Structure formats: structure tokens, C-alpha cells
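Next come the chains, spelled out residue by residue.
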Protein chains: 2
Amino acid sequence: MDAKREITIYDIAKEAGVSTATVSRILSNSAGVKQDKRERVQALIEKYNFRPSALARGLSETHSKVIGMLCPDVRNAYYANLFMECERTAFENGYTLVLNNTFAQESLEIAFMEKLLEQRVESLIVCGGVADWRPLPERYAKSLERFAKRVPVVVAGKLDIEPCHQVYIDHAQAMCAAVRHLLTLGHRRIAFMHGFTYIYQTQDKLQAFQETLQEYGVTPRAEYMINAGEFDEQAGLLGMKRLLCLPEPPTAVIAMNDLMAAGALQAVLRLGYAVPGDFSIIGFDDSIITELTEPNLSSVHYDYVHYGKALIQTALCAMNGTQCARDQVIPFRIAVKASCRKIDA
Amino acid sequence: MDAKREITIYDIAKEAGVSTATVSRILSNSAGVKQDKRERVQALIEKYNFRPSALARGLSETHSKVIGMLCPDVRNAYYANLFMECERTAFENGYTLVLNNTFAQESLEIAFMEKLLEQRVESLIVCGGVADWRPLPERYAKSLERFAKRVPVVVAGKLDIEPCHQVYIDHAQAMCAAVRHLLTLGHRRIAFMHGFTYIYQTQDKLQAFQETLQEYGVTPRAEYMINAGEFDEQAGLLGMKRLLCLPEPPTAVIAMNDLMAAGALQAVLRLGYAVPGDFSIIGFDDSIITELTEPNLSSVHYDYVHYGKALIQTALCAMNGTQCARDQVIPFRIAVKASCRKIDA
DNA sequence: TAACTGCCTGAAACCGCTTGCAAGAATCGC
DNA sequence: GCGATTCTTGCAAGCGGTTTCAGGCAGTTA
């Protein structure tokens, strides 16, 4: 294989009999270049299928036109949705989005941050992962702050680290809505199946769950608030089994997310009960999962298009120095499907 | 906001009283630098949290250390799995993977290719999308070939474009195994629910489906091979409804993928039938979806870890010029779960 | 026809890092 | 102690673009 060097702007200039400056002007479509040269150069660009190096351009213009993104695991529909929308918006604005899966491992998150820093990303979007832990590991907070000192960091979640922007869902309000939905349907024995409590969403939802019940005169029962550990369908299944073994089981269950809700649904069905006949179930995220189960799962729905757009838009604003709100809250609504029913109080 | 320039290797060199060459050597950890200078420079790097610019380095070393990847939609668990594994392997080898979602739109695929070319990716991984169409659009094939002329292209699928490497699943064999699985369970009235036939996987599976049945003395029935159009759960649901309306419905259904299988399952359950009691269902991909439904779906399983690793490994080989097989086939197996049962012949 | 405009163009510096080359410093053998 | 080696270093030339600045040229004006 012959050591073929990439075609450069210099080659084009030489063959066209012009200077690199002229070619550069043509590439960036700036005015003030005679038509004949323009055509001659264009033809050569076509001929050699020349593409200017983003590396060189980035170096010279001191901007990379790339935005970094961190998420624990794109296989999770929630993050996939977010990434997708972010990518779209970034692309529309001439940016490339590079995503890294961190598996919520602190060392990996930090390693990726370093790498993104080297790549001179112009902004960083942080979704979940260690950023959701409370208390926040000190080393991680430091890394994030150092990052934010260089380029804008936008967190998809509530982090409250001074230099970071944040776009998030008000989980307390969302939980409140979910509880009210079930209360309205006549449920009084409502359970909340969550996971690790070192995740702030768990804390927020747990608190809102209890407060909302009390507000409506229902006393929260300790045995109805169960920590299933993980946030996956297996945990949901196991957690639900525990609930079903209770002397007085709940009539409705709120799951931390759709995955757990799907697990809970399986547990119920396997024991021969019906949903929503015997038990009502509602999840959070309104991901594709809700459409895959029978019955389809009611869920708290977020506007991912809006969410992704807001994340990138905020990053864009912060990058070009435009003033923009540090906090943004994404609206939600209850997506009523088929897993909850009205019961007699 | 003060126009803060990034710290450069030059700044470090100056403050440490050495040349940039020395700093560079320390950065790349090459031998032959006195311990005292090394320490002095390291300290400054820490102090300023200096990270060398990958842009500059890439330009100077004429390599970007990034690999590009194209897929239609990461929200699809199949691609998410693949991406995840590819990213892991790439990272382990010091490469960054940048993923673009193309929605299988030809113009977007080509646009992304151009962009990746500018970014000087050192290799391209193409997963699905337009690459699965038959016949292959000419403009697309041209783009791909042009790309392959510069850097190695590895296709996750069977494409047979000369300069591209390919790693794929033998869909015919996989279908064959699925059919045999059902035959072994005693089924004779077996249906295949697929989607658009301009996708080569559809063609391969369709043919294998018929051939395998015939091989076992079962005559394929036209009304049991239905084209549901899309490849999603909605299509699966609708397609299954059509099958259930047949005067003599099948006893088992093979769906093009898990998404469609999940849709089919819903259709069956909604009409009051049982799975696997009344109907057996099997899908392809063995994604997380199979664990979310009740009953869990049997499915044809691919080894994603192996698959992703093979894609990147092949790219790596091709990049450094090592000879490597142009074709690689990924093994599969039937993941038996709970959606198929034995019946009396 | 000389002086003045404005438009095109190219020379050259620069972006931040790597590396070949050659010179100076340190170490070694005798 | 001295020349021969072996280490350490720094200089400077790229890598492939962008951009500033000044010069060349044609068209105007007086």
C-alpha cells in the first residue's frame, strides 16, 4: 500500500495556480474571490474529493466544534432518547456530539472528562451517573469544577455546583402528580418502589411521595416504601414480590422508572393477578418500554425533544457568552395508558 | 469574562525553563529526560491542569485517534448494544468512538460521512441503515467506496462492496435454527412476520424460512409469511392480528426482531389467548426487550461483546495494515425463554 | 496623466504539538 | 586526564488550515 498522503489545501492551491489563502476563502465561502478561480478550485476539490481537515481548522480557529456528553449507559432508553435529541440539535448547529458511556463509575467518568478536555470539546453535557450521587464524591466534584472553569458544563439533572448550568425535571412535582393520579383513581394503599437512596432522584421522590400522601390525609406506610436496590426490571420484579407478600398489599404501585415498572408487572402477572384489574402500576420516563408490555404502562412523560434541545441550546448560549438562565425545568405530564384503573375507595 | 487563552506546552516550557521539546517528551512519557526536569514539568502540568490539545497532536502526528460509527437509531437496543461494545474496545485501544444517528436517511448518512471524513476519523464502522438496502442506492455505494479509499470501512452486516471489511450474522442460518427450534417443539403451522423486503435481512430470512420448512417436509404457506411494513412493535401487533384472523391461524410465529415479537405478544394477549399456551412466539436479537414482557420472549441471541469487539478489532487491524479476514461471521444461539412451548403434532 | 479607490490576491505568521538533527553535557575505558 | 560514547537537550521545521496586511491592478476623477 503506497503511503498516500492526504490531499491538502496546498495541493489544490498549487494545481489551481492560486494561493492557499484563496482556496481557504473559497472553502469558507467568503466573498471577494473572482468567479473563474472559484470555479477552477471547486473543480479540483471535486476531482480529488478534498475535505479540509477539521484538526487543522480547529487548531487554527481555536475551536473544535465538538461537544462532549457523558451518560452511564445508552442502552437505557432514557439516555438514548436524550442523546438522540442532543445530537440532532448539535448537528443542526454545526457541532458534533461525542458520547461516552461511563457505567456510573467514578474513575471512568473522570477519565472520559480528561479525554474530552484534550479533545478540546467546547462544552460538556453530563447526564446522570456519578452526578446523581448524594453526597457527591469530592474528587468528582473537583473534576467537574475544573472542567467548568474551562468550558461550559450543562448538567441534565439537579447538581447545584456553582459554575454548571442545569436542566432538570422536578422529580418532586412529578412524583406528586403520579401520587395524585392514583389517589384520584381511588387508591389509598399506594406503594413506592425505588432503588438506592444515594441517588438524589430517589431521595426527592421518596420525600414527595410521603408529603403528597399526607397532604391528602393518607398516612404513608413504611412497608409500602421499598428499596429494591438496582433500578432494573429484575429489581422491580423482586421488589414487587415482596409487596405482594405483605399481609395487606397495596392496590397501586409507583415504580422509580419504566424498567422497574415492567418488572413489577411481570411479578404480578406471574402470581396470577391482573393489571390493572388487581393492581395498578405506574412508572417514570415514558420510554418505549411502556409500549412493549401488556397492558401498556402508564408513566410520567418528559418531553425529550424539548429536554435535549434545552441542553444543547444552553450549552450553545454559554459558549458564545450569551446570558442564559442557569436553571431550567423540563415539563412533564402523566401519560395515561392501560396499567392503572379506578377502584372504589 | 476575560479572554483566557488555553495553557499551552509553550507556557509550561517557559515557566519550567526548558524547551517545548522536553515538555513534549515528558507528555509522551518517552525516556531520556532527566528526573529533575521531569518533576518540575509534571508539577506545572498539575498546577495548571494542563492537557495537551488532541487537535494539535493529531495534526502533527497526522492521526486523530478517532473512529466513526454510523447507525440508524441508538434507541434501538440492537444498535445500543453494538455501540456500547465498540466504544469499550475502542477506548481500551486509545481511540474515541463518535456515533452518528442517521435514521436510515440516505442524505443524512452521506452528510455524516463527509463530516467524519473532515474529522479525519481513522476508520468507519457502518451499522445498518441504508447499507442494508437492496439494491444499494448508487450514490450511497459511491460515497462508501470513496470513504473506503481513504480509511478502512468495516460494515456490521453483509454488504459485499469490495474494499469494505464486514462482520455479520448469518441470518439464513439463524432463521434456520429458529425454524428448527419450533419444528422440534412440534409446531407445523409456523408463520414468519417480517417487514420491508428491500432490507436484505428480510430477504435472507424469508428465503431460509421457506427452505428450512421444505427441508423438513412442511410446505410454506403464503398467508403465513406476512410483511408488516415497519420493524417496530406496532407493526408486530398489527401483523399478528392479521395472522389471528386467518381461518387456520399458525401455532407459532417467528418475528423479525424482538420489538415485533413484543408487539405480536400484545396482540395475542389482547384477544384473550395465552402465550405460550395457545401460540408460541420467538424473536431475534435477544435484547433487553425479551426480559420485559410476560412471558419473557425466546429469541435468537448474538454475542454482542464478541460482535462489537470484532468490529473494532478489524478496524484496528486494517488501520495498521495488518492482514485480516475481510469477512467474519458472528455466532448465535437460541436463547430459550418462556414464549414457546411443545405441542402435540 | 497623476492621484485615488476598491477589489483581488498572495506572502507569511500563527494555532499547539511532535520530532529529526546536531550540539553540549555527562559518563566511560584505559 | 583525554578522547570516545552515550545521554540530554533545544532548535526549528513541519502538520494543514485561517487570517492579517500590504501590494497589484483596473477603473475613476480631476
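Residues numbered from 1 in each chain as written. Chains lettered and ligands numbered in written order. Predicted model: local features only at pLDDT ≥ 70, side-chain atom pairs only at ≥ 80, totals over all residues. Heavy atoms only, no water.

### Thoughts on the domain arrangement of chain A
Link 1 in the chain: Each assigned domain of chain A is listed with its residue range as follows: domain 1 (9–52), domain 2 (65–170 + 304–331) and domain 3 (171–302).
Link 2 in the chain: Each of domain 1 of chain A and domain 2 of chain A was reduced to a C-alpha centroid, and the two centroids are 38 Å apart. (Domains from an automatic or database assignment.)

### Quick look at the sheet that holds strand β3 (residues 124–127) of chain B
All names here are of chain B.
Link 1 in the chain: Strands sit in the order β2-β1-β3-β4-β5-β11 across an open sheet of six strands; the sheet is parallel. The open sheet terminates on both sides in strands that have one partner only, identified here as β2 (96–101) and β11 (327–330). Here the strands of the sheet are splayed against their neighbours by 20° on average, with no regard to which way each runs.
Link 2 in the chain: Seen against the sheet, helix α12 (residues 304–319) touches β1 (66–71), β3, β4 (153–156), β5 (165–169) and β11 and runs at an angle of roughly 170° to β5. (Pairing = 2+ DSSP bridges. Helix = DSSP H or I, 4+ residues; strand = E, 2+ residues; numbered from the N terminus. Axes fitted to C-alpha atoms, helices over the stretch in contact; angles between N-to-C directions. Contact = heavy atoms within 4.5 Å.)

### Quick notes on helix α10 (residues 233–245) of chain A
All names here are of chain A.
Link 1 in the chain: End to end, α10 covers 18 Å across 13 residues, agreeing with the expected 18 Å (1.5 Å per residue, within 8%).
Link 2 in the chain: Along α10, the positions that sit buried rather than exposed are E233, A235, G236, L237, G239, M240, L243 and L244.
Link 3 in the chain: Where α10 is buried, its residues touch β6 (190–194), β7 (225–227), β8 (252–255) and α11 (258–270). (Expected span 1.5 Å × (residues − 1). Buried < 20%, exposed > 50% of the residue type's maximum accessible area, 1.4 Å probe, protein only.)

### Describing the nonpolar core
Link 1 in the chain: Counting 155 residues, the largest nonpolar core has A:I254 and B:I254 as its most contacted members.
Link 2 in the chain: Core analysis: the next-biggest nonpolar cluster, separate from the first, contains 50 residues, A:V151, A:V153, B:L108 and B:L159 among them. (Core = buried A, V, L, I, M, F, W, Y, C linked by side-chain atoms within 4.5 Å.)

### Here's the deal with the relation of the copies chain B and chain A
The operation relating the two chain copies consists of a rotation about an axis and a shift along that axis.
Link 1 in the chain: Note on the identical chains: chain B maps onto chain A by a rotation of 180° and an axial translation of 0.0 Å, with an RMSD of 0.1 Å. Here the copies are linked by what is in effect a two-fold axis.
Link 2 in the chain: When you check the interface residues of chain B against chain A, 100% turn up at the interface there too, and the contact is symmetric in its surfaces. (Least-squares fit on C-alpha atoms with pLDDT ≥ 70 in both.)

### Considerations on the protein's contact with DNA strand C
Link 1 in the chain: Surveying the vicinity of DNA strand C reveals 26 residues, the closest of which are A:R25, A:K37, B:I9, B:S24 and B:S60.
Link 2 in the chain: Of all atoms in DNA strand C that approach within 4 Å of the protein, 73% are sugar or phosphate atoms.
Link 3 in the chain: Measuring from a phosphate oxygen of DNA strand C, one finds a backbone N or O atom of A:K34 at 2.8 Å.
Link 4 in the chain: B:S53 places a polar main-chain atom, nitrogen or oxygen, 3.1 Å from a phosphate oxygen of DNA strand C.
Link 5 in the chain: Counting residues per element, the ones that place at least two in the surface near DNA strand C are α2 (20–27) and α4 (54–61) of chain A together with α2 (20–27) and α4 (54–61) of chain B.
Link 6 in the chain: The element best represented in the surface near DNA strand C is α4(B), accounting for four residues. (Near = heavy atom within 4 Å. Polar contact = N/O pair within 3.5 Å; in protein donor to acceptor, adjacent residues only side chain to side chain.)

### As for the environment of A:G157
Residues and elements named next belong to chain A.
Link 1 in the chain: Tracing the backbone shows G157 in the loop between β4 (153–156) and β5 (165–169).
Link 2 in the chain: Note on G157: relative accessible area 5%, which makes it buried.
Link 3 in the chain: In the structure, G157 is positioned 18 residues away from R139 in sequence and 19 Å away in space, judged by C-alpha atoms.
Link 4 in the chain: The contact partners of G157, leaving out residues within four places of it in the chain, are Q166, V167, Y168, Y200 and Y307.

### Overview of the protein's contact with DNA strand D
Link 1 in the chain: Taken together, 28 residues lie near DNA strand D, and A:I9, A:S24, A:S60, B:R25 and B:K37 sit nearest.
Link 2 in the chain: Protein-adjacent atoms of DNA strand D, using a 4 Å cutoff, are sugar or phosphate at a proportion of 68%.
Link 3 in the chain: Note that a phosphate oxygen of DNA strand D is positioned 3.0 Å from one of the backbone N or O atoms of B:K34.
Link 4 in the chain: Among the secondary structure elements, those contributing two or more residues to the surface near DNA strand D are α2 and α4 of chain A together with α2 and α4 of chain B.
Link 5 in the chain: Sorting elements by how many residues they give to the surface near DNA strand D places α4(A) first, with four residues.

### Concerning the environment of A:Q203
Residues and elements named next belong to chain A.
Link 1 in the chain: As for its position among the elements, Q203 is in helix α9 (residues 200–215).
Link 2 in the chain: As for Q203 and A172, which are separated by 31 residues in sequence, their C-alpha atoms are 9.2 Å apart.
Link 3 in the chain: The residues contacting Q203, other than those within four sequence positions of it, are R134, T197 and Y198.
Link 4 in the chain: At a separation of 2.8 Å, a polar atom in the side chain of Q203 contacts the main-chain carbonyl oxygen of T197.

### Here's the deal with the environment of A:E230
Residues and elements named next belong to chain A.
Link 1 in the chain: Position of E230 among the secondary structure elements: in the loop between β7 and α10.
Link 2 in the chain: You can call E230 partly exposed: its relative accessible area is 44%.
Link 3 in the chain: When the C-alpha positions of E230 and A111 are compared, they lie 24 Å apart, and in sequence the two are 119 residues distant.
Link 4 in the chain: Leaving out residues up to four positions away in the same chain, E230 has contacts with G195, F196, A235 and M260.

### Structural notes on the interface of chain B and chain A
Link 1 in the chain: With 61 residues of chain B at the interface, the matching set in chain A holds 61 residues.
Link 2 in the chain: Together chain B and chain A conceal approximately 5500 Å² of surface at their shared face, both sides included; 55% is due to carbon and sulfur atoms.
Link 3 in the chain: Summed over the shared surface of chain B and chain A, the result is eight salt bridges.
Link 4 in the chain: Between A:E294 and B:R270 there is a salt bridge, with its nearest N and O atoms 2.8 Å apart.
Link 5 in the chain: For the interface between chain B and chain A, the tally reads 24 residue pairs in polar contact (both at pLDDT 80 or more).
Link 6 in the chain: Of all the secondary structure elements, the ones that give two or more residues to the side of chain B that touches chain A are α4, α5 (77–92), β2, α6 (106–118), α7 (138–150) and α11 (258–270) of chain B. (Buried area = accessible area lost by both parts, 1.4 Å probe. Salt bridge = Lys/Arg side-chain N within 4 Å of Asp/Glu carboxyl O.)

### What to know about the packing of α6(B) against α7(B)
All names here are of chain B.
Link 1 in the chain: Contact geometry of α6 with α7 gives a least axis separation of 10 Å together with a crossing angle of 15°. As summarised for this structure, α6 and α7 are arranged roughly parallel, according to the angle between their axes. Our pair here, α6 against α7, has a crossing hand that is left-handed. Across the interface between the two elements, E106, S107, E109, I110, M113, E114, L116 and L117 of α6 pack against R139, Y140, S143, L144, R146, F147 and R150 of α7.
Link 2 in the chain: In terms of residue class, the contact of α6 with α7 is made up of seven nonpolar, two polar and six charged. (Parallel < 35°, antiparallel > 145°, perpendicular 65-115°, else oblique. Left-handed = near helix turned anticlockwise from the far one by under 90°. Nonpolar A, V, L, I, M, F, W, Y, C, P; charged D, E, K, R; others polar.)

### Re unusual backbone geometry
The phi angle of most residues is negative, glycine excepted, and most peptide bonds adopt the trans form.
Link 1 in the chain: A cis amide bond links B:R134 to the next residue, B:P135, at an omega of -5°.
Link 2 in the chain: When you line up the elements, B:P135 lands in the loop between β3 and α7.
Link 3 in the chain: The amide bond that connects B:V275 to the next residue, B:P276, takes the cis arrangement and shows omega of 5°.
Link 4 in the chain: Summarising the element assignment, B:P276 is placed in the loop between α11 and β9 (280–284).
Link 5 in the chain: One non-glycine residue, A:N49, adopts positive backbone phi at about 55°.
Link 6 in the chain: Its place among the elements puts A:N49 in the loop between α3 (35–48) and α4.
Link 7 in the chain: Take A:N49: its relative accessible area is 11%, and that puts it in the buried class.
Link 8 in the chain: Phi is positive for A:T62, which is not a glycine, with a value near 50°.

### Some remarks on the packing of α4(A) against α4(B)
Link 1 in the chain: Where α4(A) meets α4(B), the axes come as close as 9 Å, and the angle between the chain directions of the two elements is 130°. Overall, the two elements α4(A) and α4(B) adopt an arrangement that is oblique. As α4(A) runs across α4(B), the sense of the crossing is left-handed. Residues A:L55, A:A56, A:G58 and A:L59 of α4(A) form the contact with α4(B), whose participating residues are B:L55, B:A56, B:G58 and B:L59.
Link 2 in the chain: A per-class count over the contact of α4(A) with α4(B) returns six nonpolar, two polar and no charged.

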